[in-house]
Amino acid sequence: RILEIGFGTGLNAFLTHIETEKNGINVHYTAVEAFPLEENCWQSLNYPGLIDSFNSAQIFRKIHQANWEAPEIISTHFTLQKIYKKLEEYFPAEGSLDLIYFDAFGPDAQPELWTEQIFRNLSKGLSPGGMLVTYSVKGAVVRALRSCGFSTEKLPGPTGKRHILRAIRR
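Procedures and definitions
Residues numbered from 1 in each chain as written. Predicted model: local features only at pLDDT ≥ 70, side-chain atom pairs only at ≥ 80, totals over all residues. Heavy atoms only, no water. Helix = DSSP H or I, 4+ residues; strand = E, 2+ residues; numbered from the N terminus. Polar contact = N/O pair within 3.5 Å; in protein donor to acceptor, adjacent residues only side chain to side chain. Contact = heavy atoms within 4.5 Å. Pairing = 2+ DSSP bridges. Axes fitted to C-alpha atoms, helices over the stretch in contact; angles between N-to-C directions. Buried < 20%, exposed > 50% of the residue type's maximum accessible area, 1.4 Å probe, protein only. Core = buried A, V, L, I, M, F, W, Y, C linked by side-chain atoms within 4.5 Å.

Peer 1: Outline the side chain of threonine 134, supporting the account with residue identities and numerical values.
Peer 2: Within the element layout of this structure, threonine 134 appears in strand 6 (residues 126-134). For threonine 134, the side chain forms a polar contact with the main-chain oxygen of phenylalanine 102, separated by 3.0 Å. If sequence neighbours within four positions are ignored, threonine 134 has contacts with Phe102, Trp114, Ile164 and Leu165.

The following block contains the structure:
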């Protein structure tokens, strides 16, 4: 049960889908997005061309064309539910999540999304031991997560990013 904050280009959903099919893991993937990309924008992306996966172009299109609000079965192991709303208006059911991809724009660009109140709300949605991952390792983000009952650790980041942050709900 994965929640993505900031669906954006759909890359995280697409990559997660590939892994679910490769490993036979059933995933219910929820994405909260207030400002979805227009079709001409996501169609111009070449993610399926960069990733060698069966039916990648078809799956990428299906992910983007999935209806908002209602869960849609994308493939055998992957169900997607896109929610068209601001994060401040989204309240996950208690214990309904195992993993959160917190992929909102950075705390400098959108400070209202990186607050203790937001993290407290998301913490309630996580099952005990559930995890939140984000690329921001700013001190204010770490402190906000810790104040909401998370233990945190910096991990090596991908190319071009020195660190990412993993926060585990205690």
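Right, picking up where we left off after that structure.
Peer 1: Give a description of the sheet that holds strand 2 (residues 27-33) that names residues and reports values.
Peer 2: With respect to topology, 8 strands assemble into an open sheet ordered 3-4-2-1-5-6-8-7, the strand pairing being mixed. Here the strands that pair on one side only, and so sit at the sheet edges, are strand 3 (72-75) and strand 7 (150-156). When the angles between neighbouring strand axes are averaged without regard to direction, this sheet yields 20 degrees. As paired strands, strand 1 (residues 2-5) and strand 2 are joined by 4 bridges and run parallel to one another.

Peer 1: Before we move on, could you go through the pairing of strand 5 (residues 97-102) and cite the residues and values that matter?
Peer 2: Taking burial as the measure, the 6 residues of strand 5 include 5 buried ones, the bulk of the element. In the sheet, strand 1 pairs with strand 5 via 4 bridges, with the strands oriented parallel. What sits directly across from glutamate 4, in strand 5, is tyrosine 101. Across 5 bridges, strand 5 lies against strand 6 in parallel orientation.

Peer 1: For the nonpolar core, give the residues involved together with the corresponding values.
Peer 2: Counting 25 residues, the largest nonpolar core has Ile100, Phe102, Phe119, Leu122 and Leu132 as its most contacted members. Counting residues per element, the ones that place at least two in this core are strand 1, strand 5, helix 5 (116-125), strand 6, helix 6 (139-147) and strand 8 (163-169). Considering each element in turn, this core owes the most residues, 4 residues, to helix 6. Every residue in contact with phenylalanine 102, bar those within four places of it in the chain, is listed here: Ile5, Leu87, Leu113, Trp114, Ile118, Phe119, Leu122, Leu132, Val133, Thr134 and Tyr135. Within the second largest apolar cluster, 20 residues are counted, among which are Ile2, Trp42, Ile51 and Phe78.

Peer 1: Break down unusual backbone geometry for me, with residues and values.
Peer 2: Of note, the phi angle at glutamate 69 is positive, near 85 degrees, even though the residue is not glycine. Within the secondary structure, glutamate 69 sits in the loop between helix 4 (56-65) and strand 3.

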